[in-house]
2 protein chains.
Amino acid sequence: MPEVRELALRAREASRVLAGTSSATRDQALLAMAAAMLERADLILASNLLDMQAAREAGTPGPLLDRLMLDEGRIAGIAAAIVALAREADPIGEVVSGHRMPNGIWLTQVRVPLGVVAMIYEARPNVTADAAALTVKTANAVILRGGSIALRSCMAITEVLADAIQTVGLPRDAIQYISSTDRAATDELMSLHGLIDVLIPRGGAGLINTVVANSKVPVIETGVGNCHVYVHAGADVSMAVPIVTNSKCQRPGVCNAAESLLVDEAIAAEALPPIVRALADAGVELVGDARAVALGGGFVAAATEDDWGTEYLDLKMSIKVVPGLDEAIAHINRYGTRHSEAIVTGDYEAAKRFVDEVDAAAVYVNASTRFTDGGEFGLGAEIGISTQKLHARGPMGLVALTSTKFIGMGSGQVRA
Amino acid sequence: MPEVRELALRAREASRVLAGTSSATRDQALLAMAAAMLERADLILASNLLDMQAAREAGTPGPLLDRLMLDEGRIAGIAAAIVALAREADPIGEVVSGHRMPNGIWLTQVRVPLGVVAMIYEARPNVTADAAALTVKTANAVILRGGSIALRSCMAITEVLADAIQTVGLPRDAIQYISSTDRAATDELMSLHGLIDVLIPRGGAGLINTVVANSKVPVIETGVGNCHVYVHAGADVSMAVPIVTNSKCQRPGVCNAAESLLVDEAIAAEALPPIVRALADAGVELVGDARAVALGGGFVAAATEDDWGTEYLDLKMSIKVVPGLDEAIAHINRYGTRHSEAIVTGDYEAAKRFVDEVDAAAVYVNASTRFTDGGEFGLGAEIGISTQKLHARGPMGLVALTSTKFIGMGSGQVRA
């Protein structure tokens, strides 16, 4: 796919222009983008209608259709988020560290853009606008590739936004979309090491695993969350019930929703019946090990080994009765995806060991797993939630789209 | 290679133990490692002698033999560096950020180890000890794989160091070496996404490109440096001569040595003859474009297109006469490897544009490229010099071997 390489070369040129722009210009571009989303909503909605018709004819399931669908309210929401982003502080140009070297060179480490960011995603056309806005804010160029189901919507949004940034003097090539739905285009994108600085897949585990396995471009993995709530022997059951139900039910389709419940055997007879009842009342399908089935009052079916590793993203939860803290931590470190993990306990030592020993981006004591979120954490606009350990871990704010550069100002120094 | 997977599983277990150790224990382990290097030098030197004999018989060239060779002085140097590392501050456990969320959850972001670090390198057995010490310091487990030419030396050092950490109660499995010289072992290592947290190749461009192209484990690229010195029209020639010669000659075999010289046409007739003379006096082989050849007084042969992209790592340099700043910046951004780049100028605007527009880990005004170094930058022990933009850029100190974890301490909070 030479056209993908060509597009990346143009994005790289555009990224050099963006790197030289001021925060004020980029914030102006964001305001122009937000205004254009509203002014040209008809074009976007007409394209979305065609995507929706084709998707319905193809028998696309309801939840996916909902992700694909745009209306005036959703477009207004996208525009409002872009306006809010324009008001956030610009991380580019921050002096991260610095000192005068013993030889007199002034050394400063300065925050700079990554350069060219690529994003591969699935059905949500709003990701097109989110990603374009976040990258313009951080002076990066972006190459976008959404699912073919959303092609017309994504291309319309890209056209509207690229036109908008041009009105304030930024290059159109800073926001580009891969129009080919051929798999070879993705393969080419993943091969462009040296031209693309980072590739961020946003979507299900299948997409993310494919990108990790095949990309030569550095990847930031996001958003696969097989999260647990562990009800320790020292838990207050009246606190455990709302934490488990909130973690599971408040928004079951997202990555920080809990998928699995661990309960200490010492408290299982007391804690499991009210928790199971609350979950069943909320319409959650429950599977569990033999002891959870026995205590589940008919609401818990038998789990298989596969259940412990499954991210349902739905109103379904697995339950395991464990002998104690050691087994709970070992289970989570074995089956978890290092996203968000919670313990409910009144015991100090158990709380301390849990936060020390569980290997995850976010660990909680006596709080819902649902708090792992850039907005909740006060990070501002969120690019995604990283489940890897390099570069960024957990909710990623604008800083995750930056790198740094050392600048040494000398007066003729050479190394001895 | 199921044995590589097995070894990685053991390293992961060991990494969990290390993550729970105190700085004091890990520094004790480092002192034990340093002492063991000296006490068991005989074992290491005997193994090195066998590697050296085999390498000589195989006709290994001199510079490679020099990298392979260990003697008592070099072992003492390795031990001293480990002792110095024990005295450095521990980055693990640092609270990076934190605040009380509006709902009352105390949120802290804490520095934690990466987990399991893998390093693939070539002939230098000292990398075995360096890497083991840096990872013990940062509470990571390490899996090492050196060149087969250094196999006996590396395995002897690994045995000595793994024994040493055991004496202070750390698991031997925290320092492991892949003894198979089969290529399949490297392939397996690169496939262990989820078991290994980062893979750091240290060596030539061939090794690094192979790892980047094939690894599913996140990679930190290090050390390929096609660095330039640009003598601007506004340069002080008496400053340019020592900066160019130092950048090229002070240690030509390392990544921050300059490989290419750019000279403004306006100053070329004045600046090139003394620079060429100084380089030729230092034994540097010179190639250049037609104008450099013409001004080179017989010392400059004709360059080919390949020369502009070549990292010689030797007493050789390419020279190009450029029309001005724009072309110099464009040349560097096209052919450079984003490592270290220098301008010599007395002109403020040229200096500012150069540091703003050249895309590299380190950019200098009126100073040698050779300063890009963890020790020179005051970062303490250096893991390598990253030429990528994600996670770490430029000289990497201990912090590059860490990640962070968010900890939320609640009292029953759920998300509304």
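A quick note: this is a predicted structure, and the numbers were derived from the prediction, not measured.

1. Quick word on the overall build of chain A
So, point 1. Across its full length, chain A holds 15 helices and 16 strands.
So, point 2. At 24 Å, chain A has a C-alpha radius of gyration in line with the 22 Å of a compact globule built from 416 residues.
So, point 3. In terms of overall dimensions, chain A has a C-alpha envelope of 70 × 70 × 35 Å along the principal axes.
So, point 4. Considering only intrachain contacts with a sequence separation of at least 6, the fraction spanning at least 24 residues in chain A is 71%.

2. What about the domain arrangement of chain A?
All names here are of chain A.
So, point 1. Domain boundaries in chain A define domain 1 (2-90 + 116-222 + 383-392) and domain 2 (227-371).
So, point 2. The interface of domain 1 with domain 2 comprises 4 residues on the first partner and 6 residues on the second.
So, point 3. Looking at side-chain class alone, the side of domain 1 that touches domain 2 contains 2 nonpolar, 2 polar and no charged residues.

3. Focus: the relation of the copies chain B and chain A
One copy of the chain maps onto the second through a rotation around an axis plus a translation along that axis.
So, point 1. After a rotation of 180° and a shift along the axis of 0.0 Å, chain B superposes on chain A with an RMSD of 0.1 Å. Seen this way, the second copy is the image of the first under a two-fold rotation axis. Looking at the rotation axis and the C-alpha trace of chain B, the residue lying nearest is B:His391, at 1.8 Å.
So, point 2. When you check the interface residues of chain B against chain A, 100% turn up at the interface there too, and the contact is symmetric in its surfaces.

4. Here we look at helix H11 (residues 265-281) of chain A
All names here are of chain A.
So, point 1. Between its terminal C-alpha atoms H11 stretches 23 Å, which fits the 24 Å expected from 17 residues at 1.5 Å a residue.
So, point 2. A bend of about 50° at Ala271 is the largest found in H11, and the proline Pro273 appears one to four places after it.
So, point 3. Residues Ala268, Ala271, Leu272, Ile275, Val276 and Leu279 constitute the buried set of H11.
So, point 4. One or two residues past the end of H11 sits Gly283, with phi positive at roughly 85°.

5. Section: the packing of helix H2 (residues 23-39) of chain A against helix H5 (residues 72-87) of chain A
The geometry of a pair of packed helices is captured by two quantities: the angle between their axes and the separation between those axes.
All names here are of chain A.
So, point 1. Two numbers describe how H2 lies on H5: the axes approach to 9 Å, and their chain directions differ by 170°. In terms of their interaxial angle, H2 and H5 are classed as roughly antiparallel. Residues Asp27, Leu30, Leu31, Met33, Ala34, Met37 and Leu38 of H2 pack against Ile75, Ala76, Ile78, Ala79, Ile82, Val83, Leu85 and Ala86 of H5.
So, point 2. For the contact of H2 with H5, the class distribution of residues is 14 nonpolar, no polar and 1 charged.

6. Examining the nonpolar core
So, point 1. Among the nonpolar cores identified, the biggest contains 289 residues, and A:Met33 and B:Met33 are the most heavily contacted of them.
So, point 2. Setting aside residues no more than four positions away along its own chain, A:Met33 makes contact with A:Ile82, A:Ala133, A:Leu161, A:Ala164 and A:Ile165.

7. Section: the sheet that holds strand S8 (residues 258-264) of chain A
Backbone hydrogen bonds hold the strands of a sheet together, and the pairing may be parallel or antiparallel.
So, point 1. If you trace the 10 strands from one edge of the open sheet to the other, you get S10(A)-S9(A)-S11(A)-S8(A)-S7(A)-S12(A)-S13(A)-S16(B)-S2(B)-S1(B), paired in mixed fashion. Pairing within the sheet leaves two strands with one partner each, and these edge strands are strand S10 (300-302) of chain A together with strand S1 (95-100) of chain B. Within the sheet, the average angular offset between the axes of one strand and its neighbour, ignoring direction, is 25°.
So, point 2. Judged from the 4 bridges that link them, strand S9 (residues 285-288) of chain A and strand S11 (residues 316-322) of chain A form a sheet pairing that is parallel.

8. What to know about the interface of chain B and chain A
So, point 1. Facing 55 residues of chain B, the contacting portion of chain A comprises 55 residues.
So, point 2. Contributions of two or more residues to the side of chain B that touches chain A are made by helix H9 (205-214), helix H10 (237-249), helix H15 (348-357), strand S13 (362-367) and strand S16 (402-413) of chain B.
So, point 3. Element by element, the count of residues in the side of chain B that touches chain A is highest for S16(B), at 11 residues.
So, point 4. The pairing of strand S13 (residues 362-367) of chain A with S16(B) spans 5 bridges and is classified as parallel. Across the sheet, A:Val363 pairs through a bridge with B:Ile407, a residue of S16(B).

9. Structural notes on the environment of B:Ala360
So, point 1. Along the polypeptide, B:Ala360 turns up in the loop between H15 and S13.
So, point 2. When the 27 C-beta atoms within 10 Å are taken as the criterion, B:Ala360 is described as buried.
So, point 3. On a C-alpha basis, the gap between B:Ala360 and B:Asn333 in space is 8.3 Å, while along the polypeptide they are 27 residues apart.
So, point 4. Those residues in contact with B:Ala360 that sit more than four places away from it in its chain are A:Lys405, B:Gly336, B:Arg338, B:His339, B:Ser340 and B:Glu341.

10. So, the pairing of strand S6 (residues 198-201) of chain A
All names here are of chain A.
So, point 1. Of the two faces of S6, the one holding Val198 and Ile200 and the one holding Leu199 and Pro201 are both buried throughout.
So, point 2. Sheet topology places strand S3 (residues 116-120) next to S6; 4 bridges connect them, and they run parallel. Across the sheet, the residue bridging to Ile120 is Pro201, located in S6.

11. Quick look at unusual backbone geometry
Residue and element names in this part refer to chain A.
So, point 1. Within the chain, Ala139 stands out as a residue other than glycine whose phi angle is a positive 65°.
So, point 2. The class of Ala139 is buried, set by 28 C-beta atoms lying within 10 Å.
So, point 3. Positive phi values are uncommon outside glycine, yet Arg338 reaches one of about 65°.
So, point 4. Within the secondary structure, Arg338 is located in the loop between helix H14 (325-335) and strand S12 (340-344).

12. Some points on the sheet that holds strand S4 (residues 141-145) of chain A
All names here are of chain A.
So, point 1. Taking strand neighbours across the sheet as the criterion, the 4 strands line up as S5-S4-S3-S6 in an open arrangement whose pairing is parallel. Here the strands that pair on one side only, and so sit at the sheet edges, are strand S5 (175-177) and S6. Along the sheet, successive strands turn relative to each other by an average axial angle of 20°, direction set aside.
So, point 2. Taken strand by strand, helix H1 (residues 2-19) contacts S3, S4 and S5, and its axis lies near 145° from that of S4.
So, point 3. Where helix H6 (residues 126-137) meets the sheet, its contacts fall on S3, S4 and S5, and the angle it forms with S4 comes to roughly 165°.

13. A short note on the pairing of S4(A)
Residues and elements named next belong to chain A.
So, point 1. By the criterion of burial, S4 is predominantly enclosed, with 5 of the 5 residues buried.
So, point 2. Two strands pair when backbone bridges link them, and S3 and S4 are joined in this way by 5 bridges, in the parallel orientation. In the strand pairing of S4, Ala118 is matched with Ile143.
So, point 3. Regarding the hand of the β-α-β motif, the stretch spanning S3, H6 and S4 is right-handed.
So, point 4. Across 3 bridges, S4 lies against S5 in parallel orientation. Residue pairing across strands places Val142 opposite Ile175, the latter belonging to S5.

14. Things to note about the environment of B:Asn48
Residues and elements named next belong to chain B.
So, point 1. Examined against the element boundaries, Asn48 turns out to sit in helix H3 (residues 41-57).
So, point 2. The class for Asn48 is buried, based on 24 C-beta atoms found within 10 Å.
So, point 3. Sequence-wise, Asn48 and Thr135 are 87 residues apart; in three dimensions their C-alpha atoms are separated by 23 Å.
So, point 4. When sequence neighbours within four positions are dropped, the list of residues in contact with Asn48 reads Leu70, Pro125 and Ser153.

15. A few points about the environment of B:Asp289
Residue and element names in this part refer to chain B.
So, point 1. Among the secondary structure elements, Asp289 is positioned in the loop between strand S9 (285-288) and helix H12 (290-295).
So, point 2. When the 17 C-beta atoms within 10 Å are taken as the criterion, Asp289 is described as partly exposed.
So, point 3. Considering only alpha carbons, one finds Asp289 and Val321, 32 residues apart in sequence, at a separation of 7.1 Å.
So, point 4. The residues touching Asp289, leaving out its near neighbours within four places in the chain, are Ala303, Lys320 and Val321.

16. Let's talk about helix H14 (residues 325-335) of chain B
Residues and elements named next belong to chain B.
So, point 1. Inspection of H14 places Leu325, Ala328, Ile329 and Ile332 among the buried residues, and these make up the whole buried set. Along the axis of H14, the buried positions cluster into a sector of 95°, meaning they face one direction only. Exposed side of H14, more than 90 degrees from the buried face: Asp326 and Arg334 are the residues found there.
So, point 2. In the core, the buried residues of H14 are packed alongside strand S7 (227-231), strand S8 (258-264), strand S11 (316-322), strand S12 (340-344) and H15.

Rules of the game
- Residues numbered from 1 in each chain as written.
- Chains lettered and ligands numbered in written order.
- Predicted model: local features only at pLDDT ≥ 70, side-chain atom pairs only at ≥ 80, totals over all residues.
- Helix = DSSP H or I, 4+ residues; strand = E, 2+ residues; numbered from the N terminus.
- Rg over C-alpha atoms; globule rule 2.2 N^0.38 Å.
- Contact = placed C-beta atoms within 7 Å.
- Domains from an automatic or database assignment.
- Nonpolar A, V, L, I, M, F, W, Y, C, P; charged D, E, K, R; others polar.
- Least-squares fit on C-alpha atoms with pLDDT ≥ 70 in both.
- Expected span 1.5 Å × (residues − 1).
- Bend = angle between axes of the 7 residues up to and from the residue.
- Buried ≥ 20, exposed ≤ 12 C-beta atoms within 10 Å, placed from the backbone.
- Axes fitted to C-alpha atoms, helices over the stretch in contact; angles between N-to-C directions.
- Parallel < 35°, antiparallel > 145°, perpendicular 65-115°, else oblique.
- Core = buried A, V, L, I, M, F, W, Y, C linked by C-beta atoms within 7 Å.
- Pairing = 2+ DSSP bridges.
- Right-handed = clockwise from strand over helix to strand, strands pointing away.
- Arc of directions from axis to C-beta.

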